[in-house]
Amino acid sequence: THTPAIITNGSAGLNGSIKGIGFLPKREFIEEILDIYMKHIVTDKQPGYSERGLKILYERMYNSNVRDNIDFGILGTLELAKSHTWINLQENPQATLLFYEPPAISFEVRATTEIHNDGIYHKFLNAQHDMYHRPNPNSWMDKPAYIFRIEKIFDNSVSKEGFGTMIFP
């Protein structure tokens, strides 16, 4: 699933927030893919923008042929609301991402969070978001990026192998 609950804790209180999230390319591939994203974003007024964006995302990030280009140790998302999650992660970088596919599949990813207000991850995640959604690079300054560095993964599924079994590291 693309939308886990991100669990944080800090002065905003214990919080769960649903956010779109995904893997990122390894550092040696990120600039090349970002360049492709930026060339697509300037075509936003042309018909079929979102469909073309999805095709590029699939070709560059989500098919088995590019698996070796992906950094499976990190996940990234954008902060669009700057509310409870934002407050908590500035104070406490620990987060749990809870992925759930009803009725029985569930994974818990424990991570340390980095907040990026500029730089390559910030630009890449904003551009990746805008590959499908109506782009607005002028708003990127107001959309910090979170990088979740994966520390542990638990299979919480209702299965013989699940029920809180650590599967990574």
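In the block above lies the structure referred to throughout.
Attention here is on the structure that accompanies the text. (Residues numbered from 1 in each chain as written. Predicted model: local features only at pLDDT ≥ 70, side-chain atom pairs only at ≥ 80, totals over all residues. Heavy atoms only, no water.)

Our focus in this paragraph is the side chain of asparagine 15. Position of asparagine 15 relative to the elements: it lies in strand S2 (residues 15-18). The exposure class assigned to asparagine 15 is buried, which follows from its relative accessible area of 11%. Discounting residues that sit within four places of it in the chain, asparagine 15 has contacts with Ile6, Ile7, Thr8, His84, Thr85 and Asn88. (Helix = DSSP H or I, 4+ residues; strand = E, 2+ residues; numbered from the N terminus. Buried < 20%, exposed > 50% of the residue type's maximum accessible area, 1.4 Å probe, protein only. Contact = heavy atoms within 4.5 Å.)

Tallying each qualifying case throughout the model produces three aromatic pairs. Judged by centre distance (4.9 Å) and plane angle (70°), the ring pair of phenylalanine 23 and phenylalanine 72 falls under edge-to-face. Remark: phenylalanine 72 occurs in strand S4 (residues 70-78) and phenylalanine 23 occurs in strand S3 (residues 22-25); sequence separation between them is 49 residues. On the basis of relative accessibility, which here comes to 29%, the residue phenylalanine 23 falls in the partly exposed class. (Phe/Tyr/Trp six-rings, centres within 6.5 Å; stacked < 30°, edge-to-face > 60°.)

To continue, consider the layout of surface pockets. Of the volumes computed, that of the second largest pocket is approximately 400 Å³. Every residue lining the second largest pocket is counted, 18 residues in all, and those nearest its centre are His2, Gly20, Ile21, His129 and His133. For the lining of the second largest pocket, the secondary-structure elements that each account for two or more residues are helix H2 (49-62), S4 and helix H4 (119-130). (1 Å grid on protein atoms, 1.4 Å probe; cavity = no way out; pocket = protein on both sides within 12 Å on 5 of 7 lines; lining within 4 Å. Points joined across faces, edges and corners; volume = space filled by probe spheres on them.)

The next thing to look at is the pairing of S2. In S2, alternate side chains face the same way, and those of Asn15 and Ser17 are buried while those of Gly16 and Ile18 on the opposite face are not. One ladder, built from four bridges, connects strand S1 (residues 5-8) with S2; its direction is antiparallel. Its bridge partner being in S2, isoleucine 6 is matched across the sheet by serine 17. (Pairing = 2+ DSSP bridges.)

Of all the residues in helix H3 (residues 84-91), the buried ones are Thr85, Trp86, Asn88 and Leu89. Residues of H3 that are buried make contact with S1, S2, strand S5 (94-101), strand S6 (105-116) and strand S7 (145-155).

This part is about the environment of valine 66. Tracing the backbone shows valine 66 in the loop between H2 and S4. Judged by its relative accessible area of 11%, valine 66 is buried. Distance from valine 66 to tyrosine 132, taken between C-alpha atoms, is 20 Å for residues 66 residues apart in sequence. In this structure, valine 66 is in contact with Glu59, Arg60 and Met61, ignoring residues within four places of it in sequence.

Further remarks concern helix H1 (residues 27-41). Relative to the 21 Å expected for 15 residues at 1.5 Å per residue, H1 spans 21 Å between its end C-alpha atoms, a close match to the ideal helical length. Buried within H1 we find Ile30, Ile33, Leu34, Tyr37, His40 and Ile41. All buried residues of H1 fall inside an arc of 115° around its axis, so they share one side. Residues of H1 that are exposed and point more than 90 degrees away from the buried face comprise Glu28, Glu31 and Lys39. (Expected span 1.5 Å × (residues − 1). Arc of directions from axis to C-beta.)

This paragraph deals with the nonpolar core. One recurring pattern in soluble globular proteins is that nonpolar side chains are buried together. Leu24, Tyr37 and Phe124 are the most contacted members of the largest nonpolar core, which has 22 residues in total. Elements with a minimum of two residues in this core: H1, H2, S4, H4 and S7. When sequence neighbours within four positions are dropped, the list of residues in contact with leucine 24 reads Ile30, Met61, Ile70, Asp71, Ile74, Leu75, Gly76, Tyr121, Phe124, Leu125 and Ile147. (Core = buried A, V, L, I, M, F, W, Y, C linked by side-chain atoms within 4.5 Å.)

Let's shift gears to the pattern of salt bridges. Using the criterion set out here, one finds seven salt bridges in the structure. With a closest N to O distance of 3.2 Å, lysine 45 and aspartate 44 form a salt bridge. Relative accessible area serves as the criterion here: at 73%, lysine 45 is assigned to the exposed category. Note on aspartate 44: relative accessible area 12%, which makes it buried. (Salt bridge = Lys/Arg side-chain N within 4 Å of Asp/Glu carboxyl O.)

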